[in-house]
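# What the coordinates show
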Amino acid sequence: MARRKIVAGNWKMNMTPTQAVELVNTLKPLVKTNDVDVIFCVPAIDIIPAMEAAKGSNINIGAENMYFEDSGAYTGEISPLMLVDAGVKYVIIGHSERREYFGETDEIVNKKVLKAFEHNLTPIVCCGESLTQREQGVTFDLIRQQIKIAFQNVSAEQAQTAVIAYEPIWAIGTGKVATTSQAQEVCAAIRVLISEIYDQTTALAVRIQYGGSVTADTAADLFSQPDIDGGLVGGASLKPDFGKIVNH
């Protein structure tokens, strides 16, 4: 069975609630398609207004992060229960910016992944290497470690519903894009790794995105690769061009 394409916008720390509603309304007619799952992962404060604005459209509203406890004395954090109650179905976990600026480790990513599955949220699990790591030839070692730890104690049934986003850190917001063959090579290696951890059925079910300076010009070529099932899109998801990426 062919995997359904999934294109998610990661708004990062952009868009006030008012701007979020305007952007959703602008993009609604541009991303209209029955062939691709379209997700806008937005700042927590934008989730409810964006959800309201997206009603009746094919847009799913997702979260950019969540904590690994249901509730408690964790000032400033967002719990999975809050996301579920708001109607969220997808949550980005382990983005390189969370790892770099907020000290998230592979172990924390694993806790969040397990918590997401516990509440029937679909995690978009991020992995990727820095330019130094790629130049040192450790890309595959690093990604194996990130994925193996992220999926520790995750069942095959759960893993089949997960989304994995390969984002080379050196291509995020830099305008540099991994070549199509570089992106396909890593995404194919991730699929092989999933088959090693679980089985071929699980590996064939998992959807793997490429992220890192995806544009309307590069999307069609990237998304046509056998192991790339869509994109996690940063800056371009804040512009009308996102419609061209979705409808590549």
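Whatever comes next refers back to the structure up there.
Once a new chain begins, its residue numbering starts again from 1 and follows that chain's sequence as written. pLDDT decides what is reported in this predicted model: residues at 70 or higher carry local features, side-chain atom pairs at 80 or more are listed and counted, and totals for whole chains, interfaces and linings draw on all residues regardless. Side-chain figures throughout are based on the complete set of non-hydrogen atoms in the structure, without hydrogens or water.

Attention now goes to the nonpolar core. By convention a nonpolar core is built from buried Ala, Val, Leu, Ile, Met, Phe, Trp, Tyr and Cys residues, the set being connected through side-chain atoms within 4.5 Å. Exposure categories follow from relative accessible area, calculated using a 1.4 Å probe and restricted to protein chains: below 20% of the type maximum is buried, above 50% is exposed, and the middle band is partly exposed. Within the largest apolar cluster, 66 residues are counted, with the highest numbers of intra-cluster contacts made by Phe 40, Phe 151 and Phe 242. No other element matches the six residues that helix α9 (residues 180–197) contributes to this core. In this analysis, two residues are considered to be in contact whenever any of their non-hydrogen atoms come within 4.5 Å of each other. Each residue touching Phe 242, except ones within four places of it in the same chain, is listed here: Val 7, Ala 8, Gly 9, Leu 27, Val 31, Val 38, Phe 40, Val 233, Ala 236 and Ser 237. Counting eleven residues, the second largest nonpolar core, distinct from the first, contains Ile 39, Tyr 90, Ile 124 and Cys 126. Secondary structure elements are defined from DSSP: runs of H or I of at least 4 residues count as helices, runs of E of at least 2 residues count as strands, and each element is numbered from the N terminus.

A word on the packing of aromatic side chains. Here the aromatic set is Phe, Tyr and Trp, taking the six-membered ring for Trp, and pairing holds for ring centres within 6.5 Å; pairs whose planes are under 30 degrees apart are stacked, those over 60 apart are edge-to-face, and all others are tilted. Evaluation of the coordinates by the stated rule reveals six aromatic pairs. The rings of Trp 11, Phe 40 and Phe 242 are connected pair by pair, giving a single aromatic cluster.

Another aspect to go through is the side chain of Asn 10. Counting through the fold element by element, Asn 10 comes out in strand β1 (residues 5–10). By the criterion applied in these results, polar contacts are pairs of N or O atoms within 3.5 Å in which, for protein atoms, one can donate a hydrogen and the other can accept it, and in which residues neighboring in sequence qualify only through two side-chain atoms. Separated by 3.2 Å, the side chain of Asn 10 and the backbone nitrogen of Lys 12 make a polar contact. In contact with Asn 10, not counting residues within four places along its chain, are Cys 41, Glu 64, Ile 92, His 95, Leu 232, Val 233, Gly 234 and Ser 237.

Taken across its five residues, strand β7 (residues 207–211) has five buried, putting it largely inside the fold. Every second residue of β7 is oriented toward a common face, with Arg 207, Gln 209 and Gly 211 on one face and Ile 208 and Tyr 210 on the other, all of them buried. A pair of strands is labelled paired if DSSP reports no fewer than 2 bridges between them. Note that strand β6 (residues 163–166) and β7 share four bridges and pair parallel. Residue pairing across strands places Tyr 166 opposite Tyr 210, the latter belonging to β7.

This brings us to the environment of Val 84. The residue Val 84 is located in helix α3 (residues 80–86) in this model. Spatially, the C-alpha atoms of Val 84 and Asn 120 are 8.4 Å apart, while their sequence positions differ by 36 residues. Not counting residues within four places of it along the chain, the set of residues in contact with Val 84 comprises His 119 and Leu 121.

Here we take up α9. Given the number of residues in a helix, its expected span is that number minus one, multiplied by 1.5 Å. Under the 1.5 Å per step criterion, the end-to-end length of α9 is 26 Å for 18 residues, consistent within 8% with the ideal 26 Å. Of all the positions in α9, only Thr 180, Ala 183, Gln 184, Val 186, Cys 187, Ile 190, Arg 191, Leu 193 and Ile 194 are classed as buried.

In the sections that follow, a salt bridge refers to a side-chain nitrogen of Lys or Arg positioned within 4 Å of a carboxyl oxygen of Asp or Glu. According to the stated counting rule, one finds 15 salt bridges in the structure shown. Residues Glu 104 and Arg 98 are paired through a salt bridge, measuring 3.1 Å at the closest nitrogen-oxygen approach. The class for Glu 104 is buried, based on a relative accessible area of 7%. Between Glu 104 and Lys 112 there is a salt bridge; the shortest N-O distance is 2.6 Å. By relative accessible area, which is 3% here, Lys 112 ends up buried. Salt bridges linked by common partners bring Arg 3, Arg 191, Asp 227 and Asp 229 together as one network.

As a further point, take the environment of Thr 161. Tracing the chain through its elements places Thr 161 in helix α8 (residues 156–161). In sequence terms Thr 161 and Asp 37 are 124 residues apart; their C-alpha atoms lie 13 Å from each other. There is a polar contact of 2.7 Å between the side chain of Thr 161 and the backbone oxygen of Gln 158.

Their axes nearest at 8 Å, the elements helix α5 (residues 106–118) and helix α7 (residues 139–150) cross at an angle of 40°. In terms of axis orientation, α5 runs oblique to α7. Handedness of the α5/α7 crossing: right-handed. Contact with α5, carried on its side by Asp 106, Glu 107, Val 109, Asn 110 and Val 113, involves Gln 145, Gln 146, Ile 149 and Ala 150 of α7 and no other residues of that element. To get an axis, a line is fitted to the C-alpha atoms, and for a helix only the part in contact is used. The angle between two axes follows their N-to-C directions and goes from 0 to 180 degrees. When describing relative orientation, an angle under 35 degrees is termed roughly parallel and one over 145 degrees roughly antiparallel, while 65 to 115 degrees is termed roughly perpendicular and anything else oblique. Throughout, a crossing is termed right-handed when the near helix is turned clockwise from the far one, and left-handed when it is turned anticlockwise from it by less than a right angle.

As a further point, take the side chain of Asn 65. Relative to the helices and strands, Asn 65 is located in the loop between β3 (59–63) and α3. We classify Asn 65 as buried; its relative accessible area is 17%. At 2.8 Å, the side chain of Asn 65 forms a polar contact with the side chain of Lys 112. Contacts of Asn 65, omitting those with residues within four sequence positions, involve Glu 77, Leu 83, Val 91, Ile 92, Arg 98, Glu 104 and Lys 112.

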